[in-house]
Each structure stands twice: as structure tokens, then as C-alpha cells.
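# Observations on the three-dimensional arrangement
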Amino acid sequence: MKVGNINKIAVMGAGDMGHGIAEVALLAGYKVTVRDIEQRLVDRGLSRIKESLGKLLEKQKITDENKRTMLANIETFVDIGESVTDVDLVIEAVPEIMDLKRQVFQAVDAAAPSHAILATNTSNMSVTDIASATKRPGQVVGMHFFNPAVLMKLVEVIKGEKTSEETMQLTYDLALKMNKVPVRVEKDSIGFVYNRVNAPTAILLRQIVEKGIAAPEEIDARMKKVGMPMGPYELMDYVGLDVAYYGALYFADRLSSEYQPASWLKAKIDAGELGKKTGKGIYDWSKGRPEIDLSKAKEDFDPTVLIAIQVNEATKLLEEGVVKSADEIDKAMVNGGGAGFGPFQLARGIGYDKLAKICEDLAQQYGVTVFKPTETLKQGNI
Ligand code: 3HC
């Protein structure tokens, strides 16, 4: 199958990512079905799509007629089988719990047409493990969007062990048709590119809170003052503390126990304080986006430490052959979030030796092996 043969796309899950991905598919002109486990969740997803299309209309990015056509192109379901009977591609965006993802893939595989491609929007998890719940692993692929899906350009296209080249190419072409910037992830590796490069930052952010080095708002204010659109703790709330928590558990299980989530994060999950989506997380979101008080910025926090551990982690991806080049990593990092430059672009300006020294010091100060500089970082010249 080629991308031109795709007419109808199903999205499993109408939450933060699901509703956004469905909207992206509608904007690209596709017929779309959206499925969630309860009617009220489906309805909420649909109203969020309407709200976001309303913003685009206000800014004259779409016309009133475009909006009407898109709303006529969407169908909603609670029954999983009914939602996929006549679709050409399915994108799963259910919570980051492997058993749940496998159950959804099994059900979708049983009901979707045999030609359909099954994609997972998993943030971190093995595409190969998800694909093994189906009888068509060659047609299973990772298609990882970034939050908010309608604005963020990156789509990681991830090759599971059995994903065919035809499936990879089709998914890549589909991302282009959706006006996104696709990056090929050649190896099914935890966290892929964007989340893997950012993962050690979460270890540092945890330690900063646990050791009382700074409060989240002090770090967020500092990072906003140096030009980030959101501070790192605010971003955790925005994406969802549940996503951060389950991601950390998966990293801890598969990569290093140093990724184990903080006890304060677990307490927030247990209390149902998941961030923006529940109105409370690290910040209060009940009245909209939190106001970060820039006067609280911790001025002696050096943002270069975050760059150093990101560049270091990025070099691991090169060493492991997860992506083809440093440029691809930079492309992913610039288009997935709000950063103006990729880690390697920044590293060339700062100097690899300086970054390697920072990583060495951080590894010692916090006793974290993940921060230790790689040989590639120490050698530089990337
Ligand atoms: N639909 C349509 N328009 C939207 C929108 C939506 N869902 N959300 C925001 N906008 C529009 C706003 O209306 C606003 O438009 P305007 O400039 O014309 O008024 C514009 O986008 C900017 O929004 P805001 O003024 O509210 O705030 P910001 O300027 O801070 O932009 C942001 C919001 C684009 C989300 C920006 O803060 C940002 O880039 N944040 C970083 C996001 C990020 O890093 N995402 C990646 C997370 S990691 C991930 O997703 C991986 C996964 O696996 C977990």
C-alpha cells in the first residue's frame, strides 16, 4: 500500500494526544474515526477538536467551510471493533501501559481490514513488543507525535524489529502529508529520540526537588528567562505527570534503575493530580496555564547543565545506531518541542570538552551513572 491509498484513519483514544492526532488527520483531509472507552471521553475529545479548530479559524488558518467539512469527516465510537472496520490506518494513543496497548492492538488487529497499517503513538515503549500482540507485525510501526500535536512538527517514525520498509515509507509519507517533519528511528530503542535525549533531565529535575536545591518555579522561571516557552516542570504538568511517571518506570525497568520515578511524583499520581488534564499537578491549572513568577528565577542555576546531559544522551543514540546522523537528532529536538537549536548545534558552540567536564562533575555530584560522559562526547568532533 502507498500513502495515496489511505482514505480513512482511526485514532484509539480521545485524550490529550488522541484528540490532537485526530485533528491533524482531519486537517490533512482524511476521514477519521475516534474511539475511547466511554462516551463522555469521546465527547470531551470532540469538543477539544472543535475548540482547537475554532482557534485556527480565528487566526484564519482555516475557513468556516474547512471547519464544517472536517467536522462532517469525523465519527466517534466506544466500540473498538466498529471504529476500525473500514479504515486504512489506525493510530493508537491510549495510556502508556504495555498490557493495555497490547490489548488494544489485539482487538484492532482482529477487526481492522487486512491491508490496514497499525501505528502506535507510544512515547517510549517497544514497538516490537506491541506488534507481537498482532498477526501483522510487518504492518505495525511507531508514529510518535508531540504535544500539542496540532502545533508540534515532529513525528518520529519508528521501525520495530519486524516493521517492513513499505510500512516505514508509507508512515513517513503520511507524516509529510500531515504537514509534519518526520524523523526515521531505525532501531526500536526506549524513548526513541526526543524522549530519550530528554530522559536524563528528569533524573536531574527529581534530584533538584528531592535535595531541596531549588523549587520547581525557581527553575522554570530561570528557563523561561533564557527563552524556553515552558519551564521543564511546567512542561511535565502540561504533558501529564502520568506520562512522566509511567515513562520513568519503563526507563527504570529497561535502561537503568536511576530512572526510577520520585516518591513525590508517585504521590501526585495516587492523588489523581496529573497536571493540566486534571487541573492540578506540580502547579494549579484550574484557572488555566500557571503564571510563573520570573522574579523567582534561580539565577545561579546554569542551563548549560541541561544541555550537557542532553548532548551526552544524544551521543548514546549515535553509538547505538538508533538514528542515522547527528543532524537527524537535531532535527527531531528542534521540531518536537520549543527549542530553537538542536543539542549538537549547541554543543559545537559551547565546546564538547566543556560539556564532557560538566557531565563528569554531575555524575560525581549526584552519583548518577547515566550522566557519565560517553567516549563519543569526550572525543567531540560531531
Ligand atoms: N490548537 C490550536 N492552537 C493552539 C493550541 C491548540 N491545541 N494550543 C495553543 N495554541 C495557540 C494559541 O492559541 C496561541 O496562538 P496565538 O499566538 O495566535 O495567540 C499559540 O498557540 C501560542 O499559545 P500560547 O500563547 O497559549 O502559549 P505559548 O506561546 O507558550 O505556546 C506552546 C504554547 C506551543 C504549547 C509552547 O508553550 C510550547 O512550544 N511548549 C513546549 C511544548 C513541548 O515541548 N512539547 C513537547 C512535549 S514532549 C512530548 O509531547 C512527547 C510525548 O511523548 C510525551
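Predicted model, so just to flag it, every value in this text is computed and none were measured.

### Quick notes on the packing of aromatic side chains
Enumeration over the complete set of coordinates arrives at 5 aromatic pairs. Here Phe-146 and Tyr-194 contribute two aromatic rings whose centre-to-centre distance is 4.9 Å and whose plane-to-plane angle is 65°, an arrangement assigned as edge-to-face. Taken together, the positions of Phe-146 in the loop between β6 (140-144) and β7 (154-158) and Tyr-194 in helix α8 (residues 194-210) put the pair 48 residues apart, joining distant regions of the chain. The exposure classification of Phe-146 matches that of Tyr-194, with both residues buried. On the numbers, 5.0 Å between centres and 55° between planes, the contact of Phe-251 with Tyr-259 is tilted. By the burial criterion, Phe-251 is buried, and Tyr-259 matches it.

### A short note on the packing of helix α14 (residues 326-336) against helix α15 (residues 343-350)
Interaxial distance between α14 and α15 falls to 7 Å at its minimum, and their mutual angle equals 110°. As far as their axial angle goes, α15 and α14 are roughly perpendicular. Residue-level inspection shows Ala-326, Asp-327, Ile-329, Asp-330, Met-333 and Val-334 of α14 in contact with α15, the latter providing Pro-343, Phe-344, Gln-345 and Arg-348. Looking at side-chain class alone, the contact of α14 with α15 contains 6 nonpolar, 1 polar and 3 charged residues.

### Here's the deal with the site of the ligand
Not every one of the 23 residues close to the ligand is listed here, only the nearest: Ser-52, Ser-123, His-144, Asn-147 and Arg-289. When the free accessible area of the ligand is taken as 1,100 Å², the share hidden by the protein chains comes to 68%. Put simply, the parts of the chain that give the shell around the ligand at least two residues each are α2 (39-58), α8 and α10 (232-239). For the shell around the ligand, the element with the highest residue contribution is α10, accounting for 3 residues. Residue composition of the shell around the ligand, by class: 12 nonpolar, 8 polar and 3 charged.

### Some points on the side chain of Arg-196
Relative to the helices and strands, Arg-196 is located in helix α8. For Arg-196, the contacting residues outside a window of four places in its chain are Ser-189, Ile-190, Gly-191, Phe-251, Leu-255, Glu-313, Lys-316, Leu-317 and Glu-320.

### Let's talk about empty space enclosed by the protein
Per the counting criterion, the structure on display carries 1 cavity of 30 Å³ or more. In this structure, the largest cavity encloses a volume near 40 Å³. As for the largest cavity, its lining consists of Ala-14, His-19, Val-34, Val-42, Gly-45, Leu-46, Ile-49, Ile-74 and Thr-76. If you list the elements that add at least two residues to the lining of the largest cavity, you get α2 and β3 (74-77). Per element, the largest residue contribution to the lining of the largest cavity is 4 residues, and it comes from α2. Its residues assigned to classes, the lining of the largest cavity shows 6 nonpolar, 3 polar and no charged.

Procedures and definitions
- The written sequence of each chain sets the order in which its residues are numbered from 1.
- Given that the model is predicted, a residue must reach a pLDDT of at least 70 before its local features are reported, and side-chain atom pairs must reach 80 or more before they are shown or counted; all residues, however, enter totals for whole chains, interfaces and linings.
- Hydrogens and water molecules were not included; the side-chain quantities draw on all heavy atoms of the structure.
- Pairing of aromatic rings covers Phe, Tyr and the six-membered ring of Trp, with a centre-to-centre limit of 6.5 Å; geometry is then stacked below 30 degrees between planes, edge-to-face above 60, and tilted otherwise.
- Only runs of H or I of at least four residues qualify as helices and only runs of E of at least two qualify as strands under DSSP, and these elements are numbered from the N terminus.
- Exposure categories follow from relative accessible area, calculated using a 1.4 Å probe and restricted to protein chains: below 20% of the type maximum is buried, above 50% is exposed, and the middle band is partly exposed.
- Angles here are taken between N-to-C directions and fall from 0 to 180 degrees, while the axes themselves are lines fitted to C-alpha atoms, restricted in helices to the stretch in contact.
- Note that the term roughly parallel is reserved for angles under 35 degrees, roughly antiparallel for angles over 145, roughly perpendicular for angles of 65 to 115, and oblique for everything else.
- Residue contacts follow a heavy-atom distance rule, with two residues in contact if any of their heavy atoms lie within 4.5 Å.
- Three categories are distinguished: nonpolar for Ala, Val, Leu, Ile, Met, Phe, Trp, Tyr, Cys and Pro, charged for Asp, Glu, Lys and Arg, and polar for the others, with Gly belonging to the last.
- Here a residue is considered near a molecule or strand provided that any single heavy atom belonging to it is located within 4 Å of it.
- All accessible-area figures derive from a Shrake-Rupley calculation using a 1.4 Å probe, and residue coverage is judged against the displayed protein chains alone.
- Here a cavity denotes grid points, spaced 1 Å and computed from the protein atoms alone, that fit a 1.4 Å probe unable to get out, and a pocket denotes an open set having protein on both sides within 12 Å along at least 5 of 7 lines; residues with an atom within 4 Å of a point are the lining.
- Grid points are joined across faces, edges and corners, and a volume is the space filled by probe spheres set on the points.

In short, geometric facts, not functional conclusions.
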